[in-house]
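# Commentary on secondary and tertiary structure
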Amino acid sequence: MGLFSKSIKTLDDLFVHTLQDMYYAEQQIEKNLPTMIEKATDPQLKQGLQSHLAETKNQIKRLEQVFQMHGQTAKGTTCDAMNGILDEAKDILGVANDNDVIDAAIISSAQAVEHYEITRYGTLVAFAKQLGRQDCASVLQQTLDEEHATDRKLTAIAESRVNRKAA
Ligand code: FE
Ligand code: FE
Ligand code: FE
C-alpha cells in the first residue's frame, strides 16, 4: 500500500506526500475518464468529460512543475481513496443498464472524483502558502479552479436534464 513510504515529520513532508498522492490520483483519473466518456450518452456530458480529460493531462504537467519548483522528483504514492472512488464508479457502471441512468451514475461518480480533488488541492494551496511558496500555490490554484468549474458544470447538466430523464 505504501501509504507513508517515508516518515512525515514536517509540513513540508506532508506537502510533498500530498503532491505524490495527487500525482497518483490524477493518473488514475486520466486512465478511467475514457471509459466514462465512452459510456456517456448526453452530448454535453460527453463533451464536458472530454474537455476535463484534456485539463487532467495538463494538471499532471502542473504537478510535475510544482515538484520541480520545490526541488523534488515527480513521483506518485498510492491513493487508496481515489482507487476506492474509481472502483465504486466501475461497479455501478457495470450494473446500470439504462442510458439515462448511466449518465446520472457517471455524473455522480465524476462529482465524487472532483470533490476529492477539491479537498486535496485546497489543502495543497493552503500548505504551499504556509510554506512561503506562493509560486507553487498559484500553480495549484489554477487546478483547483478547474476542478471547481468541472463540479459546477456537472451539477448543471444533472439538474437541467439528466436526473429528470433518468427518473
Ligand atoms: Fe484533476
Ligand atoms: Fe489520497
Ligand atoms: Fe478533476
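Now for a description of the structure that goes with this document. Just so you know, these numbers come straight off a predicted model, no measurement behind them. (Residues numbered from 1 in each chain as written. Chains lettered and ligands numbered in written order. Predicted model: local features only at pLDDT ≥ 70, side-chain atom pairs only at ≥ 80, totals over all residues. Heavy atoms only, no water.)

### Side note on the coordination of the iron ion (ligand 1)
What counts, and what does not: Donor criterion used throughout: N, O or S atom within 2.8 Å of the metal, extended to 3.2 Å for Na, K and Ca. Water excluded; incomplete-looking sites may result. Numbering of helices and strands runs from the N terminus, with a helix taken as a DSSP run of H or I at least four residues long and a strand as a DSSP run of E at least two residues long.
The coordination sphere of the iron ion (ligand 1), as far as protein atoms go, consists of E26 (OE), E26 (OE), Q59 (OE1), E117 (OE) and E147 (OE), spread over 2.0 to 2.4 Å. Taken as an interatomic distance, the gap from the iron ion (ligand 1) to the iron ion (ligand 3) is 3.2 Å; E117 donates to each of them. Placement of the pair is Q59 in helix α2 (residues 43-69) and E147 in helix α5 (residues 134-166), with a sequence separation of 88 residues.

### Some points on the nonpolar core
Applied cut-off: Working definition of a nonpolar core: buried Ala, Val, Leu, Ile, Met, Phe, Trp, Tyr and Cys residues. They are joined through side-chain atoms within 4.5 Å. Think of it in three bands: with a 1.4 Å probe and only protein chains considered, a residue is buried below 20% of the maximum accessible area for its type, exposed above 50%, and partly exposed in between. The contact criterion used throughout is that any non-hydrogen atoms of two residues lie within 4.5 Å.
Of all hydrophobic cores here, the largest spans 48 residues; its most connected members are F15, L49, M82 and L140. Those elements giving two or more residues to this core turn out to be α1 (11-39), α2, α3 (80-95), α4 (99-130) and α5. Among the elements that take part in this core, α4 stands out by supplying 14 residues, more than any other. When neighbours within four sequence positions are excluded, L49 is seen to be in contact with L33, M36, I37, A40, I106 and A110.

### So, the coordination of the iron ion (ligand 3)
Around the iron ion (ligand 3), the donor atoms from the protein are H52 (NE2), E114 (OE), E114 (OE), E117 (OE) and E147 (OE), and they sit 2.1 to 2.6 Å away. Spacing between the donor residues of the iron ion (ligand 3) along their common chain follows H-x61-E-x2-E-x29-E. Accessibility expressed as a relative area gives 3% for H52, which makes it buried.

### Comments concerning α3
Note the threshold: Helix span, expected: 1.5 Å multiplied by one less than the number of residues in the helix. Directions pointing from the helix axis toward each C-beta atom define the arc.
An ideal rise of 1.5 Å per residue puts 22 Å on 16 residues; α3 measures up with 23 Å between its terminal C-alpha atoms. Among the residues of α3, M82, I85, L86, A89 and L93 are the ones counted as buried. The arc enclosing the buried residues of α3, seen along the axis, measures out at 90°, which places them on a common side. When the buried face of α3 is taken as reference, the exposed residues oriented beyond 90 degrees from it are E88, D91, G94 and V95. Structurally, α3 contributes buried residues whose contacts are with α1 and α4.

No statement about biological role is implied by the geometric values presented.
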